[in-house]
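The lines below spell out each chain.
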2 protein chains.
Amino acid sequence: MNYCSHCGSSVRLAVPEGDNRPRHICDNCHTIHYLNPKVVAGCLPVYGDKVLLCRRAIEPRKGLWTLPAGFMENGESTEQGALRETREEALAEVELISLYTVTSILHVNQVQMLYLARMPQPDFGAGEETLEAALFSETEIPWDELAFETISNALRFYFEDRKQDQFPLRHVEIGANR
Amino acid sequence: MNYCSHCGSSVRLAVPEGDNRPRHICDNCHTIHYLNPKVVAGCLPVYGDKVLLCRRAIEPRKGLWTLPAGFMENGESTEQGALRETREEALAEVELISLYTVTSILHVNQVQMLYLARMPQPDFGAGEETLEAALFSETEIPWDELAFETISNALRFYFEDRKQDQFPLRHVEIGANR
């Protein structure tokens, strides 16, 4: 951030009075600009004994497999975001079961929230950001071609938890605190 | 947003190619500025049969009672944010038990995540944004002087769930989708 998005003046980085962290401050219109983590919402869609993965058509990690997930938009809930991303990336309509993983990814300032979801039908396809979508059983998961650590974590949790048919919420922290 | 925070040029609101929502676009440096919901992290601190509330020293809702919570910062986890806010607002060190409420507040683009927390000792006080902090039993809760709907929801859930000694994660959506 170099300029004030409100008035267009240059901003400077300083700790505002009463605060304890440096912020981008505009000396012209006195706006303080706060930068906060973004929420990534998505699903782990299940059909029978298989899970739905999408092969990424975009960077980063183009060509690798992921779960349908993306940045939550203003004006929607976390659940709506998870359903929308699943619709956009995998052309699939799913039913949310429960919030399954909450991962704080410190070095990129993200909170990823993945919902366990049921696919009523094996209807899916490749959205614009997806090369192909496919259902995988546990033995078929392409563990070496998964796009993100959050995805391999969620899949490991799922196949582990499935043995007990209990899917408690999992909290994970990735990346060193700065 | 009127100006590009990267180069200082005027931005215009338009739907970028391949997108389906209007974004602030800079025609000079070609940055697309995305606005996303912010996470509010906090605690419902419990000591014995009482919960800890803080009376707000700042607007909005100055003078009303709330749970310690605030905007999650870059570089921290949701848990770290909840603990930090409890330390800052109530001068209390708590132990997180579990994520208890996830509330999407659509009209203000926030996701509030409150953790159920244990106070090992009844040590607390008023931080800079707090007029006073105090422990309340169920019959003492100032229901008519609570600052936010998310707070009264969390407290209602808590006293309801306490009867069964089971505290499942609660998902709530507030505000109309636009």
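Here the structure is a predicted model, which means the values were calculated and not measured.

All names here are of chain A. Between Glu 59 and the following residue, Pro 60, the backbone shows a cis peptide bond with an omega angle of -5°. Along the polypeptide, Pro 60 turns up in the loop between β5 (50–56) and β6 (65–66). Positive phi, close to 65°, is recorded for His 30, a residue that is not glycine. Topologically, His 30 is positioned in the loop between β2 (23–26) and β3 (32–33).

Assigned domains within chain A: domain 1 (1–35) and domain 2 (38–174). Taking the mean C-alpha position of each, domain 1 of chain A and domain 2 of chain A sit 36 Å from one another.

A rotation about some axis, followed by a shift along it, carries one copy of the chain onto the other. When chain A is brought onto chain B, the operation consists of a screw motion whose angular component is 180° and whose axial shift is 0.0 Å, with 0.0 Å RMSD remaining. Those values place the two copies in the arrangement expected of a two-fold rotation axis. By residue overlap, the copies meet face to face through one surface: 100% of the interface positions of chain A are interface positions in chain B.

By size, the foremost hydrophobic cluster in this structure holds 75 residues, and its most contacted members are Leu 44, Leu 114 and Ala 154 of chain A together with Leu 44, Leu 114 and Ala 154 of chain B. When sequence neighbours within four positions are dropped, the list of residues in contact with Leu 114 of chain A reads Gly 42, Cys 43, Leu 44, Leu 67, Ala 69, Tyr 100, Thr 101 and Ala 154 of chain A. With five residues, the next largest nonpolar core counts Cys 4 and Val 11 of chain A together with Tyr 3 and Cys 4 of chain B among its residues.

Turning next to the sheet that holds β2 of chain A. What holds strands together in a sheet is hydrogen bonding between their backbones, with the strands either parallel or antiparallel. All names here are of chain A. Read across the open sheet, the three strands follow the order β1-β2-β3; overall the sheet is antiparallel. Since the sheet does not close on itself, it has two edges, and those belong to β1 (11–14) and β3, each with one partner. Here two bridges tie β2 to β3, and the two strands are oriented antiparallel to one another. Bridging from a neighbouring strand, Ile 25 pairs with Ile 32 of β3.

Parameters at a glance
- Residues numbered from 1 in each chain as written.
- Chains lettered and ligands numbered in written order.
- Predicted model: local features only at pLDDT ≥ 70, side-chain atom pairs only at ≥ 80, totals over all residues.
- Helix = DSSP H or I, 4+ residues; strand = E, 2+ residues; numbered from the N terminus.
- Domains from an automatic or database assignment.
- Least-squares fit on C-alpha atoms with pLDDT ≥ 70 in both.
- Contact = placed C-beta atoms within 7 Å.
- Core = buried A, V, L, I, M, F, W, Y, C linked by C-beta atoms within 7 Å.
- Buried ≥ 20, exposed ≤ 12 C-beta atoms within 10 Å, placed from the backbone.
- Pairing = 2+ DSSP bridges.

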